[in-house]
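Listed here are the chains, written in short residue letters.
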Amino acid sequence: MNIVVCIKQVPGTTQVKINPDTGTLIRDGVEAVVNPFDEYAIEEAVRIKEKNGGTVKVITMGPPQAEAALRTAISMGADEGYLISDRAFAGSDTWATSYTLTAGIKTLGKVDLIICGKQAIDGDTAQVGPGVAEMLNIPFVAWVRKVAELNETSIKVERMMEEGYDVVEMPLPALITVVKEINEPRMASLKGKMKAKSANIVKLDTTNMEVDHELIGLKGSPTQVLRSFVPERKSSGEKISGETAELAQKAASVIQNLGIVK
Ligand SMILES: Cc1cc2nc3c(=O)[nH]c(=O)nc-3n(C[C@H](O)[C@H](O)[C@H](O)COP(=O)(O)OP(=O)(O)OC[C@H]3O[C@@H](n4cnc5c(N)ncnc54)[C@H](O)[C@@H]3O)c2cc1C
């Protein structure tokens, strides 16, 4: 089973500041980590490999320092790391990111299963997984909480819904995006850390990937960010306490005072 995991390096905090002039994130001095949802994707891929055999390749698009995210994945049990990095990809929106990742995945040979996180904790769009599946023209299921069955030709998964779950089966190759309910990511072993330290990370850029230069980076991005800002906090909130009946009465009066209901 050839499994590819897409991972993104994200700031290890939700308190990221935005440059008011450029509207871009201020990343200086902010610790970078593997997107938490992608840790579940890595863990699931490694578990599948341990059960069925095969290879786990991790791929990321990002600045040169995103290499650290790939090494983290290798320390958790992934076999190979691929870093897509080129100034020409700067400013990519989710469409251009999906396009570029798709081009990178196409260089990896036969792929049976692609696993992504549900969403990235910084961009938060949850668009890249489905975007890659669409561009590769393969089926996908988002919000997977369990891989129920897997063989050489098909996969059956449980898709988390607001109430309960769906059981969905699809042919391989396919893509899934996973939620945190799927597993408990392992801590890297010492052996894993040693392997990660010396692993060869393959660099992919516009010279060794087949990409249309009109479709990458800012130029290839159909979305334009006009302004980004942190919403102003209007009030600090009010904490109410007491017994159930008293609480209900207090909550009702707070709602009434807001003027939402009479
Ligand atoms: C006009 C525009 C310009 C932008 N310019 C920049 C910029 O200059 N610099 C910048 O950092 N961001 C930029 N962004 C944000 C960037 O587009 C998104 O961060 C990126 O497309 C991923 O989207 P997301 O974070 O919402 O990921 P989601 O779609 O929420 O991620 C879902 C899953 O997809 C996979 N995934 C997502 N991104 C990657 C990746 N890069 N590599 C591998 N796997 C991935 C992961 O498995 C992840 O769990 C820009 C966005 C727009 C709209």
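Here, the structure is the one placed above.
Residues numbered from 1 in each chain as written. Predicted model: local features only at pLDDT ≥ 70, side-chain atom pairs only at ≥ 80, totals over all residues. Heavy atoms only, no water.

Caption draft 1: Quick peek at the site of the ligand. Close to the ligand lie 29 residues; Lys 8, Arg 27, Asp 38, Ser 92 and Thr 125 are nearest. Contacts to the ligand include Asp 38, whose side-chain N or O atom sits 2.5 Å from an oxygen atom. Interatomic distance of 2.8 Å between a backbone N/O atom of Ala 120 and an oxygen atom of the ligand. Contact with the protein chains covers 82% of the free accessible surface of the ligand, which is 940 Å². For the shell around the ligand, the secondary structure elements donating two or more residues are β4 (55-61), α3 (94-106), β6 (113-117) and α4 (128-136). Within the shell around the ligand, the residues separate by chemical class into 10 nonpolar, 13 polar and 6 charged. (Near = heavy atom within 4 Å. Polar contact = N/O pair within 3.5 Å; in protein donor to acceptor, adjacent residues only side chain to side chain. Areas by Shrake-Rupley, 256 points an atom, 1.4 Å probe, with all protein chains shown as cover. Helix = DSSP H or I, 4+ residues; strand = E, 2+ residues; numbered from the N terminus. Nonpolar A, V, L, I, M, F, W, Y, C, P; charged D, E, K, R; others polar.)

Caption draft 2: Main features of helix α1 (residues 36-52). For α1, built from 17 residues, the straight-helix expectation of 24 Å at 1.5 Å per residue is met to within 8% by its first-to-last C-alpha distance of 25 Å. Here α1 has its buried residues at Phe 37, Asp 38, Tyr 40, Ala 41, Ile 42, Glu 43, Glu 44, Ala 45, Val 46, Ile 48 and Lys 49. One or two residues past the end of α1 sits Gly 53, with phi positive at roughly 80°. (Expected span 1.5 Å × (residues − 1). Buried < 20%, exposed > 50% of the residue type's maximum accessible area, 1.4 Å probe, protein only.)

Caption draft 3: Region of the structure containing the pairing of β4. The buried fraction of β4 amounts to 6 of the 7 residues, a majority that puts the element mostly inside the structure. Two strands pair when backbone bridges link them, and β4 and strand β5 (residues 80-84) are joined in this way by 5 bridges, in the parallel orientation. Bridge pairing in β5 links Val 58 to Gly 81. For the crossover that starts at β4, traverses helix α2 (residues 67-75) and ends in the parallel β5, the hand is right-handed. (Pairing = 2+ DSSP bridges. Right-handed = clockwise from strand over helix to strand, strands pointing away.)

Caption draft 4: Molecular detail of the pairing of β5. For β5, the tally of buried residues reaches 4 of 5 residues, placing the bulk of the element in the interior. One ladder, built from 4 bridges, connects β5 with strand β11 (residues 201-204); its direction is parallel. Across the sheet, the residue bridging to Leu 83 is Lys 203, located in β11.

Caption draft 5: Focus on the side chain of Ser 154. Assignment of secondary structure puts Ser 154 in strand β8 (residues 154-160). Ser 154 gets classed as buried once you look at its relative accessible area, which sits at 14%. Once you skip the residues sitting within four places of it in the chain, Ser 154 turns out to touch Glu 149, Glu 169, Met 170, Pro 171 and Leu 172. (Contact = heavy atoms within 4.5 Å.)

Caption draft 6: Main features of the packing of aromatic side chains. With the rule as written, the count across this model stands at 1 aromatic pair. Judged by centre distance (5.7 Å) and plane angle (10°), the rings of Trp 95 and Tyr 99 are stacked. Of this pair, Trp 95 and Tyr 99 both sit in helix α3, 4 residues apart, roughly one helical turn. Exposure remark for Trp 95: the relative accessible area of 36% places this residue in the partly exposed category. Take Tyr 99: its relative accessible area is 16%, and that puts it in the buried class. Between Arg 145 and the ring centre of Tyr 165, over which it is positioned, the NZ or CZ distance is 4.0 Å. (Phe/Tyr/Trp six-rings, centres within 6.5 Å; stacked < 30°, edge-to-face > 60°. Lys NZ or Arg CZ within 6 Å of the ring centre and 35° of its normal.)

Caption draft 7: Region of the structure containing helix α6 (residues 244-258). Relative to the 21 Å expected for 15 residues at 1.5 Å per residue, α6 spans 21 Å between its end C-alpha atoms, a close match to the ideal helical length. A positive phi of about 80° marks Gly 259, the residue just after α6.

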